[in-house]
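Structural description and commentary
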Amino acid sequence: MAAASNLQSEDQFLCSICLDVFTDPVSTPCGHNFCKNCITEHWNTSDRCQCPMCKEAFTTRPDLRVNTLFSEMVVQFRQSAQQKASSSSSEQQVSKPGEVPCDFCTGTKLKALKSCLVCLASYCETHLEPHLTASRLKRHQLIDPVENLEDRMCTKHDKPLELFCKTDQTCVCMLCLVLDHKTHEFVPLKEEYEGKKAELGKTEAEIQQMIQKRRLKIQEIKHSVDLSEEDADREIAEGVQVFSTLKETVERGQANLIDTIKEKQRATEKQAEAFIKELEQEISELTKRRTEVEQLSRSEDHLHLLQSFPFVKAAPSTKDWTEVTVRPSTYEGTVVKAVAQLEETLSKEMKKLVKAELKRVQQYAVDVTLDPDTAHPDLILSDDGKQVNDSDVEKNLPDNPERFSDCVFVLGKQSFSSGRFYFEVQVKGKTKCSLGVARESINRKGIIHMSPEDGYWTIWLTNGNKYKALDVHTVSLSLKSRPQKVGVFVDYEEGLVSFYDVDAAALIYSFTGCCFTEKLLPYFCPDLNDGGKNSAPLIISPVNQAE
């Protein structure tokens, strides 16, 4: 068989058996040309002696001889093609490490431009020319250059992998079809390629959709960060304003305190100075009189002493200083009064802050309704699921797993496992009650312990005016006024549950650092009717934005 060269040629210089330039060309009686070895091997492996081109049969095997004239033409063609390849090779790129080299370049290997899946070889631009011009070679499948083309041959039968076994999901050759996969389902590689390519198209579209979703998620996250930054800037601005006000108030209160104390001290000093001046004046006059008395007592002049005695004996007019005292200034209550004024200012600022905070959390208001399947049989629920109170009469209801059996509790229908939510409950007229949120998995039968460890985050009104937060340790709450409407706010991710006196715009209590791992449900307990003393219902109220 001719050595592969695949140089630029015309169809007449290519053997139709090996599809390469003729080597020792011979002609059959029917006039067709072949390489001597190609036609000889063909007839040796065939049952009939016929022309591979026109199929003309010969009764006796022709005695083939090399066509001398045609052989010389082939030699000239080879030389011309080699010269052309040599001159064009300098213009083509030399194969670099990692690139596929041409299989037919001698000496310096040029970079392959295409690989042929039929010839299982790679070609540079020059050696590729026959595949682009010769009609027989044009039918070969060309692909971008790849290495290890031998991998495209069946390792068992050394034949090209042309089929795809759908049963075994593997590429096979024609001999595999008849020997190893007789009963299997086959399709041409191209058909399976098209199917798989379509699947890859769908996969690519799905991946692109996933990428798009993640890009949107990135935008969402960035938007959340921007909102968080805006909230942070707003909180910082409000905080700076509040603390600046408090700082100014403290500094002003401190200055007023110091001025007040100093003013009292100055008044004391002024009074003392006046007394001292007056006393010094009297001392001066008394000293003068003492000098006069002393001088007169030494006089030897009898007449002068007797005449002056009445004037000297009488003491000068002075003040009775017995009851006169300078009392130190008293400052009791001065600091307390200043701190009380500061506390009043702080209370006003705190109320402003809580009011602003309440307005923000009210934006997360949700519609909550009571779940009758969880209500204790003593409880009466309104038709709209917004009110509940105790009847003191137990109804005959099915004891389903969700229902509270011993405690007059009821849960909301709505559950929350992420984000923030807020609802308001009217407690007007109640002497006892509790409300808040609870885990979905709380115990609903028998004696119930209420604390965050048991899945409850609640506040409790007891004995008419005592409020408690049922935290890990019960906390007694000191409220300035009795709430008429309580707001409940939950930030699931932050682990926060806060209670507000809606009308007073005051924070009642906050559970912080909570770890929520399951759904939360609104919780309500109107407590026992107590002979009508606690008959007022708990009412889930619509949320009106705080002004």
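Values in this document were obtained by computation on a predicted structure and should not be read as measured data. (Residues numbered from 1 in each chain as written. Predicted model: local features only at pLDDT ≥ 70, side-chain atom pairs only at ≥ 80, totals over all residues. Heavy atoms only, no water.)

**Looking at a nonpolar patch on the surface**
There is a patch of nonpolar side chains on the surface, built from Leu175, Val178 and Leu179 and spanning about 240 Å² of accessible area. Overall, the relative accessible area of 45% leaves Val178 in the partly exposed class. (Patch = residues over 30% accessible without salt bridge, like charges linked within 9 Å, V, L, I, M, F, W, Y side chains within 5 Å. Areas by Shrake-Rupley, 256 points an atom, 1.4 Å probe, with all protein chains shown as cover. Salt bridge = Lys/Arg side-chain N within 4 Å of Asp/Glu carboxyl O. Buried < 20%, exposed > 50% of the residue type's maximum accessible area, 1.4 Å probe, protein only.)

**As for the sheet that holds strand 6 (residues 163-165)**
Pairing is antiparallel across the open sheet formed by three strands, whose spatial order is 7-6-8. Two strands in the sheet have a free side with no partner beyond their single neighbour: strand 7 (170-172) and strand 8 (186-188). On average, each strand axis in the sheet is inclined to that of its neighbour by 35 degrees, with strand direction left out of account. (Pairing = 2+ DSSP bridges. Helix = DSSP H or I, 4+ residues; strand = E, 2+ residues; numbered from the N terminus. Axes fitted to C-alpha atoms, helices over the stretch in contact; angles between N-to-C directions.)

**Quick look at the packing of aromatic side chains**
In this structure the tally under the stated criterion is 17 aromatic pairs. Relative to Phe421, the ring of Phe416 has its centre 4.0 Å away and its plane inclined at 15 degrees; by these criteria the two rings are stacked. Plain terms: the ring middles of Tyr456 and Tyr523 are 5.6 Å apart, the flat faces sit at 80 degrees to each other, and that makes the pair edge-to-face. With a gap of 67 residues between them, Tyr456 in strand 14 (residues 456-462) and Tyr523 in strand 20 (residues 520-525) connect regions that are remote in the sequence. Each member of the pair, Tyr456 together with Tyr523, is buried. These aromatic residues form a ring-pair network of at least three members: Phe13, Phe22, Phe70 and Phe77. (Phe/Tyr/Trp six-rings, centres within 6.5 Å; stacked < 30°, edge-to-face > 60°.)

**Structural notes on the pattern of salt bridges**
The tally for this structure, following the rule as stated, stands at 20 salt bridges. As a salt-bridge pair, Asp180 and Lys156 come within 3.1 Å of each other at their nearest N and O atoms. Here the residue Asp180 occupies a position in the loop between helix 5 (174-179) and strand 8, and Lys156 occupies one in the loop between strand 5 (142-143) and strand 6, the gap between them amounting to 24 residues. Here Arg439 makes a salt bridge to Glu518, at a shortest N to O gap of 3.8 Å. Here the residue Arg439 occupies a position in strand 13 (residues 433-439), and Glu518 occupies one in the loop between strand 19 (506-511) and strand 20, the gap between them amounting to 79 residues. With relative accessibility at 21%, the residue Arg439 sits in the partly exposed group. Residue classification places Glu518 among the partly exposed positions, given a relative accessible area of 24%. Each of Asp231, Arg234, Glu235, Glu238 and Arg360 takes part in a single network of salt bridges with overlapping partners.

**Some details on the sheet that holds strand 20**
The antiparallel open sheet is built from six strands, whose spatial order is 11-20-13-14-15-16. Of all the strands in the sheet, just strand 11 (410-411) and strand 16 (475-477) have a single pairing partner and so form its edges. With six bridges joining them, strand 13 and strand 20 adopt antiparallel strand pairing. Note on strand 20: the bridge partner recorded for Leu435 is Phe524.

**So, the pairing of strand 17 (residues 485-491)**
When you tally the buried positions in strand 17, you get seven out of seven residues, the bulk of the element. Side chains of strand 17 alternate between two faces, with Lys485, Gly487, Phe489 and Asp491 and Val486, Val488 and Val490 buried alike. Of the strand pairs in this sheet, strand 12 (residues 420-426) and strand 17 are connected by seven bridges, and their pairing is antiparallel. Along strand 17, the bridge assignment pairs Val425 with Val486. Here strand 17 folds back onto strand 18 (residues 496-501), and the loop between the two strands holds four residues, one of which, Gly495, carries a positive phi near 70 degrees.

**Some points on unusual backbone geometry**
The backbone of Gln169 shows a phi angle near 55 degrees, a positive value even though the residue is not glycine. Even without being a glycine, Asp530 presents a positive backbone phi close to 55 degrees. Tracing the backbone through its elements, the reader meets Asp530 in the loop between strand 20 and strand 21 (538-541). Asp530 sits in the partly exposed class, given a relative accessible area of 42%.

**Structural notes on the packing of helix 6 (residues 189-297) against helix 7 (residues 302-313)**
Relative placement of two packed helices is described by the angle separating their axes and the distance separating the axes. Following both chains from N to C, one finds helix 6 and helix 7 inclined at 160 degrees, their axes separated by 10 Å at the closest point. As judged from the angle between their axes, helix 6 and helix 7 are roughly antiparallel. The way helix 6 lies across helix 7 gives a crossing that is left-handed. Contact residues: helix 6 offers Arg289, Glu292, Val293 and Leu296, while helix 7 offers His304, Leu305, Ser308, Phe309, Phe311 and Val312. (Parallel < 35°, antiparallel > 145°, perpendicular 65-115°, else oblique. Left-handed = near helix turned anticlockwise from the far one by under 90°. Contact = heavy atoms within 4.5 Å.)

**Quick notes on the environment of Asp168**
Mapped onto the fold, Asp168 is located in the loop between strand 6 and strand 7. Excluding residues within four positions of it along the chain, Asp168 makes contact with His181 and His184. Within polar-contact distance, the side chain of Asp168 engages the side chain of His181 at 3.2 Å. (Polar contact = N/O pair within 3.5 Å; in protein donor to acceptor, adjacent residues only side chain to side chain.)

**Re the pairing of strand 10 (residues 387-390)**
Where a strand is regular, its side chains alternate between the two sheet faces. Alignment of strand 9 (residues 379-381) against strand 10, held across three bridges, turns out to be antiparallel. What sits directly across from Leu381, in strand 10, is Val388. Remark: five residues form the turn of the hairpin made by strand 9 and strand 10, two consecutive strands paired antiparallel; Gly385 in that turn has positive phi of roughly 70 degrees.

**Section: the packing of helix 6 against helix 8 (residues 334-361)**
Viewed as axis vectors pointing N to C, helix 6 and helix 8 meet at an angle of 165 degrees, and their least axial separation amounts to 9 Å. When the axes of helix 6 and helix 8 are compared, the pair comes out roughly antiparallel. For helix 6 against helix 8, the interelement crossing comes out right-handed. On helix 8, the residues touching Arg234, Glu235, Glu238, Val242, Thr245, Leu246, Thr249, Val250, Leu257, Thr260, Ile261 and Lys264 of helix 6 are Thr334, Val335, Ala338, Leu342, Thr345, Leu346, Glu349, Leu353 and Arg360. Taken together, the residues of the contact of helix 6 with helix 8 break down into 10 nonpolar, five polar and six charged. (Nonpolar A, V, L, I, M, F, W, Y, C, P; charged D, E, K, R; others polar.)

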